[in-house]
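# Summary of structural features
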Amino acid sequence: MLSVATLFDGQFSGGIYLESNDGIQEKYNAFYQINVEKVVDRCLEDANLTREDIDVVLPHNVNAQTWKKLAAKLGIPIDKVYTKNIARYGHCFGGDLFVNLNDLYNELDSPQTVTCLAVAAGIGASFGATLFGISKGKETE
């Protein structure tokens, strides 16, 4: 584990699926990319790494279009974002990162360390990023 960062945007703490959300969903959408970028930058800064140091992004599988937009905003090539499970399993909420990590690990074919950035967002506007290294045949760093 290299770094962990969280961000809680209190203006959305009531959730976005309330019966009457008075436009909160649209406002949340406007802040979504901004908050993801903030939490990613905090995580990378804490580890003294840059976006270029990331080998793979393990996303929560909200949808492919969102990740195309986020990858562009972050300046990370979309082919570094592990999106194959979006079509395979859809959005599994809290399980997305674990499913993606498991599949990525099973695909590794060398003991070389891969730097991973796991990113997720929750309904109450909680954002998280974790930076870590994995290697086939070694324990997670």
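Only a predicted model underlies this, so the values are computations on that prediction, with no experimental measurement involved.

### Here's the deal with the confidence of the model for the protein chain
Taken over all residues, the pLDDT of the protein chain has a mean of 86, while the share at 70 or more is 91%. Across the protein chain, the secondary-structure element scoring lowest on mean pLDDT is helix α3 (residues 84-89), at 78, and the one scoring highest is strand β1 (residues 3-8), at 96.

### Quick notes on the nonpolar core
Counting residues in hydrophobic clusters, the biggest one holds 26 residues, and the most contacted among them are Val 40, Leu 117 and Phe 127. Only β1, α1 (24-47), α2 (64-74), β3 (114-121) and β4 (126-134) provide two or more residues apiece to this core. With eight residues, α1 is the largest single contributor of residues to this core. With residues near it in sequence (within four places) discarded, Phe 127 still touches Ala 5, Thr 6, Leu 7, Tyr 28, Tyr 32, Asn 35, Val 36, Val 39, Ala 120 and Ala 121.

### What to know about the packing of aromatic side chains
Under the defined criterion, the tally for this structure stands at five aromatic pairs. Among the aromatic residues, those joined into a ring-pair cluster are Phe 12, Tyr 28, Phe 31, Tyr 32 and Phe 127. In this arrangement the basic side chain of Lys 136 is found over the ring face of Tyr 105, its NZ or CZ atom lying 4.5 Å from the centre.

### Re the side chain of Thr 115
Position of Thr 115 relative to the elements: it lies in strand β3. Overall, Thr 115 belongs to the buried group, its relative accessible area being 15%. Every residue in contact with Thr 115, bar those within four places of it in the chain, is listed here: Leu 2, Asp 53, Ile 54, Asp 55, Val 56, Leu 131, Phe 132 and Gly 133.

### Here we look at the side chain of Asn 35
Tracing the backbone through its elements, the reader meets Asn 35 in helix α1. Using a relative accessible area of 3% as the deciding quantity, one classes Asn 35 as buried. Side chain to side chain, Asn 35 and Asp 9 meet in a polar contact 2.8 Å long. In this structure, Asn 35 is in contact with Leu 7, Asp 9 and Phe 127, ignoring residues within four places of it in sequence.

### Observations regarding the sheet that holds β4
Read from one edge of the open sheet, four strands run β1-β4-β3-β2, paired in mixed fashion. Both edges of this open sheet fall to β1 and β2 (56-59), since each of them pairs with a single strand only. Strand after strand, the sheet turns through a mean of 15 degrees between neighbouring axes, direction not considered. In this structure, β3 lies alongside β4, joined through eight bridges in antiparallel fashion. Looking at the pairing, Thr 115 lines up with Gly 133 of β4. Contacting β2, β3 and β4, helix α4 (residues 96-107) runs over the sheet at an angle of about 140 degrees to β2.

How each quantity is defined
Residues numbered from 1 in each chain as written. Predicted model: local features only at pLDDT ≥ 70, side-chain atom pairs only at ≥ 80, totals over all residues. Heavy atoms only, no water. pLDDT = per-residue confidence, 0-100. Helix = DSSP H or I, 4+ residues; strand = E, 2+ residues; numbered from the N terminus. Core = buried A, V, L, I, M, F, W, Y, C linked by side-chain atoms within 4.5 Å. Buried < 20%, exposed > 50% of the residue type's maximum accessible area, 1.4 Å probe, protein only. Contact = heavy atoms within 4.5 Å. Phe/Tyr/Trp six-rings, centres within 6.5 Å; stacked < 30°, edge-to-face > 60°. Lys NZ or Arg CZ within 6 Å of the ring centre and 35° of its normal. Polar contact = N/O pair within 3.5 Å; in protein donor to acceptor, adjacent residues only side chain to side chain. Pairing = 2+ DSSP bridges. Axes fitted to C-alpha atoms, helices over the stretch in contact; angles between N-to-C directions.

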